[in-house]
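Structural overview for review
Chain by chain, the residues run as shown.
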Amino acid sequence: WKTLFADQSLQLLIEQGINGNLDLKQAIERIKVAEATLLQSRAALLPSLIGDLSVTDNKQSVAALNFPPGININTETQLYKAQLSTSWEADIWGRLSSAKRSAYASLLQTDAAKRAVQTQLIANIANAYYNLLALDKQLSITEQTIKIRQADVETMKSLKEGAVVNGAAVVQSEANLYAAQDTLPDLKRNIRETENALSILLGKGPGKIDRSTLDQQTAYSNLQTGVSAQLLQNRPDVQAAEFAFRAAFENKNVARASFYPALTLTANAGLSSLTLKNFFDNSLFYNLIGGITQPIFNKGQNKARLKTAEAQQQIAFYNFQQTLLTSGQEVSNALYAYQTAEEKEKTRAMQVASLTKAVDYTKELLRYSSATNYTDVLTSEQSLLAAQLNSINDRLQKLQSVVNLYKALGGGWK
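Let us look at the packing of helix 4 (residues 95–161) against helix 5 (residues 167–201). Their axes nearest at 8 Å, the elements helix 4 and helix 5 cross at an angle of 160°. On the basis of their axis angle, the class for helix 4 and helix 5 is roughly antiparallel. Considering only the axes of helix 4 and helix 5, their crossing is left-handed. Partitioned by chemical class, the residues of the contact of helix 4 with helix 5 number 19 nonpolar, 12 polar and eight charged.

This part covers the side chain of Gln11. With respect to the helices, strands and loops of the structure, Gln11 is situated in helix 1 (residues 8–20). Among the polar contacts listed, one links the side chain of Gln11 to the backbone oxygen of Phe5, at a separation of 2.9 Å. Residues within four places of Gln11 in sequence aside, it is in contact with Trp1, Lys2, Phe5 and Ala6.

What follows is about the environment of Val254. Considering the arrangement of structural elements, one finds Val254 in helix 6 (residues 236–257). Val254 sits in the partly exposed class, given a relative accessible area of 21%. For the pair Val254 and Ser97, spaced 157 residues apart in the sequence, the C-alpha separation amounts to 8.6 Å. Val254 has contacts with Arg95, Ser98 and Ala99, leaving out every residue within four places of it along the chain.

What follows concerns the sheet that holds strand 1 (residues 48–59). Judged by pairing direction, the sheet is antiparallel, and its four strands sit side by side in the order 1-2-3-4 without closing on themselves. The outermost strands of the open sheet, each flanked by one partner alone, are strand 1 and strand 4 (284–293). Looking at each pair of strands side by side, their axes are set apart by 20° on average, direction ignored. When strand 1 meets strand 2 (residues 76–90), the two strands line up antiparallel, connected through 12 bridges. Among the inter-strand pairings, Ile50 is bridged to a residue of strand 2, identified as Ser85.

The subject of this paragraph is the pairing of strand 2. Pairing analysis gives 11 bridges linking strand 2 to strand 3 (residues 262–273), with the strands arranged antiparallel. Bridge pairing links Leu84 to Ala269 in strand 3.

Here we take up the nonpolar core. As a rule of thumb, soluble globular proteins bury nonpolar side chains together. Formed by 41 residues in total, the largest nonpolar core has its most connected members in Phe5, Leu10, Leu13, Ile125, Tyr130 and Leu198. For this core, the elements supplying multiple residues, two or more each, are helix 1, helix 4, helix 5 and helix 8 (374–408). Broken down by element, this core gets its largest block of residues, 16 residues, from helix 4. If near-sequence neighbours (up to four positions away) are discounted, Leu10 is found in contact with Phe5, Ile125, Ala126, Tyr129 and Tyr130. Of all hydrophobic cores here, the second largest spans eight residues; its members include Val331, Ala334, Leu405 and Leu409.

Calculation notes
Within each chain, residues carry numbers counting from 1 in the order of the written sequence. The model is predicted, so local features are restricted to residues of pLDDT at least 70 and side-chain atom pairs to those at 80 or more, both for listing and for counting; the totals for chains, interfaces and linings are taken over all residues. Note: side-chain values were computed over all heavy atoms of the structure, leaving out hydrogens and water. Fitting a line to C-alpha atoms yields each axis, with helices limited to the stretch in contact; the angle taken between N-to-C directions then spans 0 to 180 degrees. Secondary structure counts use DSSP, requiring at least four H or I residues in a row for a helix and at least two E residues in a row for a strand, with both numbered from the N terminus. The scheme is simple: roughly parallel for angles under 35 degrees, roughly antiparallel for over 145, roughly perpendicular for 65 to 115, oblique for anything else. Note on convention: near helix rotated counterclockwise from far helix by under a right angle means a left-handed crossing. Clockwise means right-handed. Just so you know the grouping, Ala, Val, Leu, Ile, Met, Phe, Trp, Tyr, Cys and Pro go in nonpolar, Asp, Glu, Lys and Arg go in charged, and all remaining residues, Gly too, go in polar. Each polar contact in these results corresponds to two N or O atoms within 3.5 Å; when the atoms are within protein, one needs to be able to donate a hydrogen and the other to accept it, and residues that are neighboring in sequence are counted only if both atoms are side-chain atoms. Contacts: residue pairs with any heavy atoms within 4.5 Å of one another. Burial status follows relative accessibility: with a 1.4 Å probe on protein chains alone, a residue under 20% of its type maximum counts as buried, one over 50% as exposed, and anything between as partly exposed. Here, a strand pair is defined by DSSP locating no fewer than two bridges between the strands. In this text, buried Ala, Val, Leu, Ile, Met, Phe, Trp, Tyr and Cys residues form a nonpolar core when linked through side-chain atoms within 4.5 Å.

Following this line, the structure appears as structure tokens:
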């Protein structure tokens, strides 16, 4: 983006957005969650180990024991115990390995999603910045037009005094001035709202945005009309959709493995004694258990889990296809928008030049000839203002088409 967007003010805003945008910060935290899930799934392949240190005091009821009279037995005992317990599930059918691969794909998906958020953020900042510059230019042209029309009003008044025009021309010139002045509040409001929206993208409160001018912008021109489909694989959302499909595939394998038996080994070992004094004397104990668990009737949960996983895998595949189609459409739209904006720029410049001459000619004719009236002047001035504003929109379209192509290709290209 530093190559595409050479404006120093825009580069500074993009860096502020990358550091402060709240959506991007949330995406980074989701990566941390996915990393923790991956570590957990990897650890599932290892045996567990639990340490247990306990003291148990046990008091029996004499009445409940029903001993014969005269027998005196201590009914209160203490048990001191220290043990280690371990358990390990053999990954015979690959259930745990599939779960680990699914977690890894999910991590890659969240990382790609974060890059997609960052790419979208950069594009949004650039588009809002160029839109702000275009509004500034429209405001400048409108203010210049107001000054010209104020001068026209004074001119019409002078011509009326000389009996060159009538009072209708004076009133029309005043109405033309008011029409231009009426657009100023909306332009200023749009500028303020665009500044506020840009501030939110930067992760800060509403405020003034430092910026250059539209005339200082040079659109990136080294664009080719053909784009290889292989470039679409650079898009983070395409990568995220692919990783989501991988995760869904592995989740289906996990669901299928739940139909097969599970082999589990458990072991306990430690020291146990009724007295703390003799805790290490002949107090060693251990047990080792190996077992196979086979689901027989699970109320249809395993079947439902498998059907759900298969459907989710198919959904992920369709989403991957849809993302590829949408990517190609966005690239095509951005390239064509750039091409048409270039074509309009040339013809619009000629239109503005011709309308400028038309305004000058009609004013001169009105001053020195009766072959025209102020309606012709009014029409030519309104057409000139509309053409000037449209030329700004053409320039904005060209700049934003480069931004949209940057986003459509996943954050730039080589």
